[in-house]
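Remarks on the overall topology
So the chains spell out like this:
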Amino acid sequence: MRFNSDEELLNKLSAELENLDMQYADVSIPSLPELEQLIAAEAVERRRRRRKELLLFLLLALVLLGIVIATLSSAPVLYWSLQALFLLTALGSLGARRLRLRRKES
Amino acid sequence: MGDGMLEKISQAQQGDAAALAVLLREHYPFLYKYLIKATLDPLLAEEIAQDTIVRCMEKIRTYNGSSAFSSWLITIASRLYIDRKRRWKREAKWQQEQAQEQGIRRVRWRFESRNLEWSDVLDALSRLSSAQRMAVLLKHYYGYGYDEIGEMLEIPSGTVKSRVAAGLAHLRKELNEDEV
């Protein structure tokens, strides 16, 4: 089979793909009750997943809060030093980024 | 899109499971046939069609009607297929090739069992990479534009253009070589 133009090739390709479609015309389509059941099961699974994620988030938040309170009550100097360090690091990186952008623009 | 379809979509988005089931059932043959052509593997097409349906159930509220519902479905299906191919990349190459070969054999068997010829064109199409096959299929069989395909597959339209061109060149080369 020789194709001299793209058009010729594309026409043949479309015809063959249509033929392929026809061979799968008898695809077994899920029934409505099956699909409704799947939708219901999926909704239950989604709710379960969301609840699990929320629980995990709350647990993590509690652990973090516990650590903060424990550090604040047992070693307040360390706590405030860390707070200051984080703040300075964030401000420093923001400043450096702005400086880099300004240099790039100029 | 007809009014009836829009109404069903709107009902499905409001949580009407029966409307969603009807919508999915109506589009299932279209989805499955797209996947057969994209994957050339009936079992894989069925698996991805089911995954697409589940994803559609999760995301139905995010469908904004900017494209046809069928286009939205094949966008989800294409992305799921790409994800699956990426996961396969981590497996041994021979395993991937074997799975692909088995899929093509199944489609070929379907033709032969009905006394139909497995054409050179489909054979050449099965030897394209899945990325090129999907690009050629979406452009020249489904008639989407390069920009639309780019959005569907989350790639620049220039990449779509080069995949389509490379896919067609590959097909022409294979088919002309067979002639020699």
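None of the values given here were measured: they were computed from a predicted structure. (Residues numbered from 1 in each chain as written. Chains lettered and ligands numbered in written order. Predicted model: local features only at pLDDT ≥ 70, side-chain atom pairs only at ≥ 80, totals over all residues. Heavy atoms only, no water.)

Attention shifts here to the overall build of chain A. Counting its regular elements, chain A contains 3 helices and 0 strands. Walking chain A from its N terminus toward its C terminus, one meets helices and strands in the order α-α-α. For chain A, the C-alpha radius of gyration of 31 Å lies well beyond 13 Å, the compact-globule estimate for 106 residues. Each principal axis of the C-alpha distribution contributes one length, and for chain A these read about 80 × 55 × 20 Å. With 106 residues in all, chain A has 18% of them scored as buried. Summing over all exposed atoms, chain A offers an accessible surface of approximately 8,500 Å²; the carbon and sulfur share of this is 66%. Taking the 15 positively charged and 13 negatively charged side chains of chain A as two groups, their mean positions are separated by 23 Å. (Helix = DSSP H or I, 4+ residues; strand = E, 2+ residues; numbered from the N terminus. Rg over C-alpha atoms; globule rule 2.2 N^0.38 Å. Buried < 20%, exposed > 50% of the residue type's maximum accessible area, 1.4 Å probe, protein only. Areas by Shrake-Rupley, 256 points an atom, 1.4 Å probe, with all protein chains shown as cover. Lys, Arg positive; Asp, Glu negative; His and termini not counted. Charge placed at Lys NZ, Arg CZ, Asp CG, Glu CD.)

Judged by nonpolar contacts, the single largest core of 68 residues is most densely connected at A:Leu20, B:Tyr34, B:Phe69 and B:Leu138. In terms of residue count, the dominant contributor to this core is helix H2 (residues 17–39) of chain B (11 residues). In terms of domain composition, this core takes at least three residues from each of domain 1 (3–92) and domain 2 (114–175) of chain B. Discounting chain neighbours no more than four positions away, the residues touching B:Leu138 are B:Tyr34, B:Ile74, B:Gly143, B:Tyr144, B:Ile149, B:Met152 and B:Leu153. (Core = buried A, V, L, I, M, F, W, Y, C linked by side-chain atoms within 4.5 Å. Domains from an automatic or database assignment. Contact = heavy atoms within 4.5 Å.)

What follows deals with the domain arrangement of chain B. Residues and elements named next belong to chain B. Split by domain assignment, chain B resolves into domain 1 (3–92) and domain 2 (114–175). Spacing between the C-alpha centres of domain 1 and domain 2 amounts to 20 Å. Counting residues at the interface gives 15 residues for domain 1 and 14 residues for domain 2. Summing the contributions of domain 1 and of domain 2, the shared interface buries around 1,300 Å²; its carbon and sulfur component is 66%. Counting the surface domain 1 buries against domain 2, the share from its top three residues, Lys-37, Leu-40 and Arg-79, is 39%. For Arg-79, the salt bridge goes to Glu-154, with nearest N and O atoms at 3.5 Å. (Buried area = accessible area lost by both parts, 1.4 Å probe. Salt bridge = Lys/Arg side-chain N within 4 Å of Asp/Glu carboxyl O.)

Take the UniProt feature "transmembrane region" (unreviewed entry) in chain A next. Feature annotation in UniProt places "transmembrane region" (unreviewed entry) on residues 54–72 and 78–96 of chain A, given in this structure's numbering. Strand forms 0% of residues 78–96 of chain A and helix 100%; the C-alpha atoms that close the span are 26 Å apart. (UniProt positions renumbered as here; feature names shortened; annotations may be inferred.)

In this section: the interface of chain A and chain B. Across the boundary between the two partners, chain A contributes 32 residues, which contact 41 residues of chain B. Summed over both partners, the interface of chain A with chain B comes to about 3,700 Å²; 69% of that surface belongs to carbon and sulfur atoms. The interface formed by chain A and chain B includes 4 salt bridges. Close ionic contact of B:Glu58 with A:Arg49 constitutes a salt bridge, the shortest N to O distance being 3.6 Å. Between chain A and chain B we count 8 residue pairs in polar contact (both at pLDDT 80 or more) in total. Secondary structure elements with two or more residues in the side of chain A that touches chain B: helix H1 (6–23) and helix H2 (32–74) of chain A. Here the residues of the side of chain A that touches chain B are counted per class, giving 16 nonpolar, 5 polar and 11 charged. (Polar contact = N/O pair within 3.5 Å; in protein donor to acceptor, adjacent residues only side chain to side chain. Nonpolar A, V, L, I, M, F, W, Y, C, P; charged D, E, K, R; others polar.)

Two numbers describe how H2(A) lies on H2(B): the axes approach to 9 Å, and their chain directions differ by 120°. Relative to H2(B), the element H2(A) is oriented oblique. Our pair here, H2(A) against H2(B), has a crossing hand that is right-handed. Only B:Ala17, B:Ala18, B:Leu20, B:Ala21, B:Val22, B:Leu24 and B:Arg25 of H2(B) make contact with H2(A), whose side of the interface consists of A:Leu32, A:Leu35, A:Glu36 and A:Ile39. Classifying every residue of the contact of H2(A) with H2(B) by side-chain character gives 9 nonpolar, no polar and 2 charged. (Axes fitted to C-alpha atoms, helices over the stretch in contact; angles between N-to-C directions. Parallel < 35°, antiparallel > 145°, perpendicular 65-115°, else oblique. Left-handed = near helix turned anticlockwise from the far one by under 90°.)

Feature annotation in UniProt places "domain: RNA polymerase sigma factor 70 region 4 type" (unreviewed entry) on residues 121–171 of chain B, given in this structure's numbering. Here residues 121–171 of chain B runs as 80% helix and 0% strand, with 8 Å between its end C-alpha atoms.

We now examine the environment of B:Leu43. Residues and elements named next belong to chain B. Within the secondary structure, Leu-43 sits in helix H3 (residues 42–59). Accessibility expressed as a relative area gives 45% for Leu-43, which makes it partly exposed. For Leu-43 and Gly-2, which are 41 residues apart along the polypeptide, the C-alpha to C-alpha distance reads 32 Å.

Residue and element names in this part refer to chain B. Despite not being glycine, Leu-40 has its phi angle at roughly 55°, a positive value. For Leu-40, a relative accessible area of 0% puts it in the buried group. Of note in the backbone geometry, Asn-115 takes a positive phi value of approximately 55° without being a glycine. Locating Asn-115 in the fold gives a position in the loop between helix H5 (93–113) and helix H6 (120–126).

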